[in-house]
Amino acid sequence: MFVQHTSLPAVAAAEERSALEILMTEPEAGVSDVPRYVEMPKALLLLKLKLSPPLPKEPKD
Amino acid sequence: MNGERLQVSLTDAAAEVAARVLGAVRGAEDIGLADYVDTSADLKTALGAVRLIGADIFAPHLLLDRPVHHADAAVITRSFAAFPPAGQAGTRRQQVVAWRDWATGRLLACAADPASAEPGLAPTAAPETATALLDGAKTWQEWSANAAQLSPLALPGLGGPIAAAVFEGARPLARGVTRALLRRDFVTAARLIRWMALSSSSGVGQPLDPALLVERVRLYGGTGSRLSLDLAIARRLLRSEPA
Amino acid sequence: MTTSLTSIAHNVAHRALTYLHDHRDADVFPDDIPIEPEDSDTVYKPIAEIGMAAALVLREGVGGTAQLHAARELIDFTWHRLRQGDLLYERQVRNCLLTDPIEVYCHFIHGGHHHERFERLAVHNAAVRSAPEVYPNRRLAVANAYRTCGIPTDDDWGSLLRATWLGATPPPWAIDWDTAYSVTHTVFHVTDWGGRPHDLPPDIADYLGNWLPVWTDVWSEVGDWDLVAELLVVDACLPEPRFDLDVWTRIASVQHSDGLMPRDGAPVDDDRVQRFWDHHHSTTVAAIAGTLAVSRLLGNGR
């Protein structure tokens, strides 16, 4: 059988209640990440860079 | 603790509560809410998180007909005692909070064994504000921002004037989802998609396909247990969509 | 509201046209325009676009005396820069499948400019029916150019439209920046720049009525004024334009005092010539958006 706390914690302070209220009314993301102009040649270059095999490590002395 | 740190603690705890509810929506036996709260190092923050997740805690009950355990219901009652609802809903923010509390209180009263709930702690009366948050005179941007904040009310069987107003707003809802997705604000998108799924499962025609939207957010980077919970609820709702 | 919007749109168009008019000099435009295809975007394209904006001002005829005078001088200036159409003729003769000569030429008709030898080439090309493979919205541009010139083709407008992104009415959230431009151009060509708003099928008009406000909203938020101006042109091309006062107020507020419309939110260069080359496109689009909005608000000829 589950044992339940019988004592209630102290009532949250105004600051804590305010923090909860803010989180209950969380607004949309502040910064938009809407699609913008992408310079395709640069994007392709980036792709090439990522697809290239890793450069061999220099041997240690 | 300052306000920002309080918010971080509450957010972390809410993610944990949401993860437990999510597990139950996905088929786990229990939420284990009372277990979580009673083993928590910071009882007050845990109860704050329960207040924050609020009506979502009833999702397994409403979607999968899982029982609401007495101990879990008692925890919700205790969360209202620790974080008492504001007396009046004057500002827009207070109105949103009041409606979320209304939903939690109503579901608690309906689903829980009245014996375990301590009477008088949870709000049972509807807030005065009726549908001011979602009236037709609002711009679609304001309308959908309010609908996103009210997304815990997007549950089957809850009903009420907020859901009725959302059902009337298929166009601002779809515009809000489109805006959120284009801004790559997946959290807001998931909240609105949940409303869209509820509308659709209630037979209200939608200008956009909610199933595609759920997949979009899932595949393109929506993360976090609260977002996943919104999507899981939407998916469950869509499965019960009328033919 | 209608009055204040008319006045805002009129001012945006007037200031933008004034800016373009003030920059038709040798400092900005070099003496000769390259006529080979590989150079087409440097001077040729802006000249063509400015000529088109002036042509639309003349076509709509809602600008007031000063504005019509500026448009007249601009179309004459740009036509002169195209060597009274010889440049278009030479481009076409050397490259028989190029479509830009007819696309540029068709607007100058509104300014009363003609080039007989070029028109004979165009009639012949239409009869040959050898259209190069281009983006579906570009294909509509060609169809509209022949239509504007009154040269008959066997273009099936319905299937040309349905081949575009917009014609398929995909989910509005599955769009990117480039495709947004494709959408705007599809609407420009099907409606002949707002001249035939009812040529948009009802389902496409409804689709745009639903989602254009969202696209305008999200790209305004990030200050992508070039695209926003294009979307405002689209609005003015719809059977029932929305005339969003908020967006018009926002775009009017970013226009510079000399009429330059910044392409985005980045700082604008101080150098007169550099400023022009950076922002001529958004300024040209602003002139068109304002002109078409005023014309539609006045219920002109539709």
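Residues numbered from 1 in each chain as written. Chains lettered and ligands numbered in written order. Predicted model: local features only at pLDDT ≥ 70, side-chain atom pairs only at ≥ 80, totals over all residues.

Peer 1: I would appreciate a short explanation of the overall build of chain A in the present structure.
Peer 2: If you tally the helices and strands in chain A, you get 2 helices and 0 strands. Across the 61 residues of chain A, 15% fall into the buried class. (Helix = DSSP H or I, 4+ residues; strand = E, 2+ residues; numbered from the N terminus. Buried ≥ 20, exposed ≤ 12 C-beta atoms within 10 Å, placed from the backbone.)

Peer 1: Quick question: what am I supposed to make of the overall build of chain C here?
Peer 2: Counting secondary structure elements, chain C contains 13 helices and 0 strands. If you list the helices and strands of chain C from N to C, you get α-α-α-α-α-α-α-α-α-α-α-α-α. For 302 residues, the compact-globule formula gives about 19 Å, and the C-alpha radius of gyration of chain C, at 18 Å, lands near that figure. By principal-axis analysis of the C-alpha atoms, chain C measures approximately 50 × 45 × 35 Å. Among the 302 residues that make up chain C, the fraction classed as buried is 49%. If you take every contact in chain C between residues at least 6 apart in sequence, the share linking residues at least 24 apart comes to 73%. (Rg over C-alpha atoms; globule rule 2.2 N^0.38 Å. Contact = placed C-beta atoms within 7 Å.)

Peer 1: In this structure, what is going on with the environment of His198 of chain C? I would like to understand it.
Peer 2: Structurally, His198 of chain C can be placed in the loop between helix H9 (177-190) and helix H10 (202-221). Remark: the alpha-carbon pair of His198 of chain C and Ala13 of chain C, spanning 185 residues in sequence, is separated by 24 Å.

Peer 1: Quick question: what am I supposed to make of the interface of chain B and chain A here?
Peer 2: One frequent convention defines the size of an interface as the accessible area lost when the parts assemble. Between chain B and chain A, the contact holds 33 residues from the first and 25 residues from the second. Listed by contribution, the elements that provide at least two residues to the side of chain B that touches chain A are helix H1 (3-25), helix H2 (33-38), helix H3 (43-53), helix H5 (70-82), helix H6 (92-111), helix H7 (140-149) and helix H9 (170-182) of chain B. Per-element tally for the side of chain B that touches chain A: the top contributor is H3 of chain B, with 6 residues. Of the residues that constitute the side of chain B that touches chain A, the class distribution is 18 nonpolar, 6 polar and 9 charged. (Nonpolar A, V, L, I, M, F, W, Y, C, P; charged D, E, K, R; others polar.)

Peer 1: Would you take a moment to explain helix H4 (residues 86-94) of chain C for this structure?
Peer 2: What sets the pattern is the α-helix's 3.6 residues per turn: residues three or four places apart point alike. Of the positions making up H4 of chain C, those classed as buried are Leu87, Leu88, Tyr89, Arg91 and Gln92 of chain C. As for H4 of chain C, its buried residues are in contact with helix H5 (100-108) and helix H6 (116-128) of chain C.

Peer 1: When you look at the interface of chain B and chain C in this model, what are you seeing that I'm missing?
Peer 2: Counting residues at the interface gives 12 residues for chain B and 9 residues for chain C. With 7 residues, the single largest contributor to the side of chain B that touches chain C is H9 of chain B.

Peer 1: So what exactly am I meant to see when it comes to the environment of Ala13 of chain B here?
Peer 2: All names here are of chain B. Note that Ala13 resides in helix H1. Classification of Ala13 as buried rests on a count of 23 C-beta atoms within 10 Å. Expressed as a C-alpha distance, the spacing of Ala13 and Ser202, which sit 189 residues apart in the sequence, is 32 Å. Leaving out residues up to four positions away in the same chain, Ala13 has contacts with Thr45, Ala46, Gly48 and Ala49.

Peer 1: Looking at this model, I keep getting lost on helix H11 (residues 210-219) of chain B. Mind explaining?
Peer 2: All names here are of chain B. Considered for burial, the residues of H11 that qualify are Pro210, Leu213, Val214, Arg216 and Val217. Looking down the long axis of H11, one finds its buried residues gathered within 160° of arc, a one-sided arrangement. Seen from the open side of H11, the exposed residues pointing more than 90 degrees away from its buried face are Leu212 and Leu219. In the core, the buried residues of H11 are packed alongside H9, helix H10 (186-201) and helix H12 (225-239). Gly221 sits one or two positions beyond H11 and adopts a positive phi of about 120°. (Arc of directions from axis to C-beta.)

Peer 1: What exactly am I supposed to notice about the packing of H4 of chain C against H6 of chain C here?
Peer 2: Working note: a packed helix pair is described by the angle between its axes plus the distance between those axes. Residues and elements named next belong to chain C. With their axes 9 Å apart at the nearest point, H4 and H6 run at an angle of 35° to one another. By crossing handedness, the relation of H4 to H6 is classed as left-handed. In this structure, H4 contributes Leu88, Tyr89, Gln92 and Val93 to the contact, and H6 contributes Arg117, Phe118 and Leu121. Of the residues assigned to the contact of H4 with H6, the class counts are 5 nonpolar, 1 polar and 1 charged. (Axes fitted to C-alpha atoms, helices over the stretch in contact; angles between N-to-C directions. Left-handed = near helix turned anticlockwise from the far one by under 90°.)

Peer 1: How should I be thinking about the packing of helix H11 (residues 225-237) of chain C against helix H13 (residues 272-297) of chain C in this particular structure?
Peer 2: All names here are of chain C. In contact at an axis separation of 8 Å, H11 and H13 are set at 25° when each is read in the N-to-C sense. Considered as vectors, H11 and H13 are oriented roughly parallel to each other. H13 is crossed by H11, and the crossing has left-handed handedness. Contact with H11, carried on its side by Trp225, Asp226, Ala229, Glu230, Leu232, Val233, Ala236 and Cys237, involves His281, Ser282, Val285, Ala286, Ile288, Ala289, Leu292, Ala293 and Arg296 of H13 and no other residues of that element. For the contact of H11 with H13, the residue count by class is 12 nonpolar, 2 polar and 3 charged. (Parallel < 35°, antiparallel > 145°, perpendicular 65-115°, else oblique.)

Peer 1: Sorry if this is basic, but what is going on with the confidence of the model for chain C here?
Peer 2: Predicted coordinates in areas of low pLDDT are best not read in detail. On average, chain C scores 94 in pLDDT, and the residues at 70 or more come to 95%. Among the scores for the predicted complex, ipTM is 0.94 and pTM is 0.92. (pLDDT = per-residue confidence, 0-100.)

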